[in-house]
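Remarks on the overall topology
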Amino acid sequence: MIEKRRFGRTGHMSTATLFGAAALKNVSQGEADRALDLLLEHGVNHIDTAPRYGDAELRIGPWMRAHRGDFFLATKTGQRTCAAAREEIRRSLDRLRVDSVDLLQLHSLAHPGDWEIAMGDGGALEAVIEARAEGLTRFIGVTGHGWTIASMHLRSLERFDFDSVLLPWNYVMYESERYRADFEAVCARCEERDVAVQTIKAVARGPWATTTPNRNTWYQPLEDPDDIERAVHWVLARPGIFLNTVGDLDLLPAVLEAASRFENSPGDTAMRAVVEARSATPLFGIGT
């Protein structure tokens, strides 16, 4: 079974590996149901989804009738204004077939212009705060991608007392001194405030580039089970943080099995060997 960690101030003991429901964006209900069985088999008790993940919320909805109590359920709003976010939040609840979620997050808040709208007067943050007051969510988070997201999360944490953040973390990004410094700063701030830190893209190999995509992911993932295990263990070796699973259901078993076997980090030397052997590159272009 996968170890559990306290999900920040929420107090929920979430599995260290969370289910990233982007993997359900264009699969059948049967495939989604088999994924649920796999999650239950490994004891995964935390699902992260979003309206932008295609049909993911619709695929999760039927599970909730029997399994709502088994999962800490998180979704997001990618809208930037209060009115649009309010509408999207209610649509998500309908699609998920629930009266409320545990965590509602501002989705992909990395662009400064989007940030100003969402965090300003009449912005999406107001709708999320309103949803919490109405009992539609218990906690509020913020997510994002890219090289600047760690510094943007620091800005977001100054603006509002979020309960969780989500951002990329893998060995290639770790090798960027600037991103590593920003990531460490976010983790330090979150530790001070008891804010949960979720990570994504643990098993990203890089952009598809000249390789023909053969996976249900917008990026090229690591595929060798040994590579996946090293990457998963390297992320989980950092105390207190959480790893979101891969966006391809065929690779989900390898990620969950690796997480179940986690004991310690493979070390930076082993990860550098994976990077070199697989020609892994930065997912978001060249970092600084």
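Since the model is a prediction, treat every value here as computed from it, not as a measurement.

Right, let's talk about the sheet that holds strand β4 (residues 46-48) for a bit. Strand order in this closed barrel of eight strands is β3-β4-β5-β6-β7-β8-β9-β12, and the pairing throughout is parallel. Across the sheet, the mean angle separating the axes of adjacent strands is 30° when strand polarity is ignored.

Turning to the pairing of strand β3 (residues 17-20), a few remarks are in order. It is a general feature of regular strands that their side chains alternate between the two faces of the sheet. A two-sided burial pattern is seen for β3, the buried positions comprising T17 and F19 on one face and L18 and G20 on the other. Two elements, β3 and strand β12 (residues 242-244), share two bridges in a ladder whose sense is parallel. Of the residues in β12, the one forming a bridge with L18 is N244. With two bridges joining them, β3 and β4 adopt parallel strand pairing. Within β4, the residue paired with F19 across the bridge is I47.

We now examine the side chain of T10. Examined against the element boundaries, T10 turns out to sit in the loop between β1 (4-6) and β2 (13-15). Of the residues examined, T10 reaches a relative accessible area of 13% and is grouped as buried. A polar contact is formed between the side chain of T10 and the backbone oxygen of F7, at a distance of 2.6 Å. When residues no more than four places from it in sequence are discounted, the contact partners of T10 are F72 and F139.

In this section: the nonpolar core. Membership of the largest hydrophobic core comes to 93 residues, with the highest contact counts inside it found for F19, L24 and W63. Counting residues in each nonpolar core, the second largest holds eight residues, with F7, F72, A74 and L103 among its members.

So, how was this worked out
- Residues numbered from 1 in each chain as written.
- Predicted model: local features only at pLDDT ≥ 70, side-chain atom pairs only at ≥ 80, totals over all residues.
- Heavy atoms only, no water.
- Pairing = 2+ DSSP bridges.
- Helix = DSSP H or I, 4+ residues; strand = E, 2+ residues; numbered from the N terminus.
- Axes fitted to C-alpha atoms, helices over the stretch in contact; angles between N-to-C directions.
- Buried < 20%, exposed > 50% of the residue type's maximum accessible area, 1.4 Å probe, protein only.
- Polar contact = N/O pair within 3.5 Å; in protein donor to acceptor, adjacent residues only side chain to side chain.
- Contact = heavy atoms within 4.5 Å.
- Core = buried A, V, L, I, M, F, W, Y, C linked by side-chain atoms within 4.5 Å.

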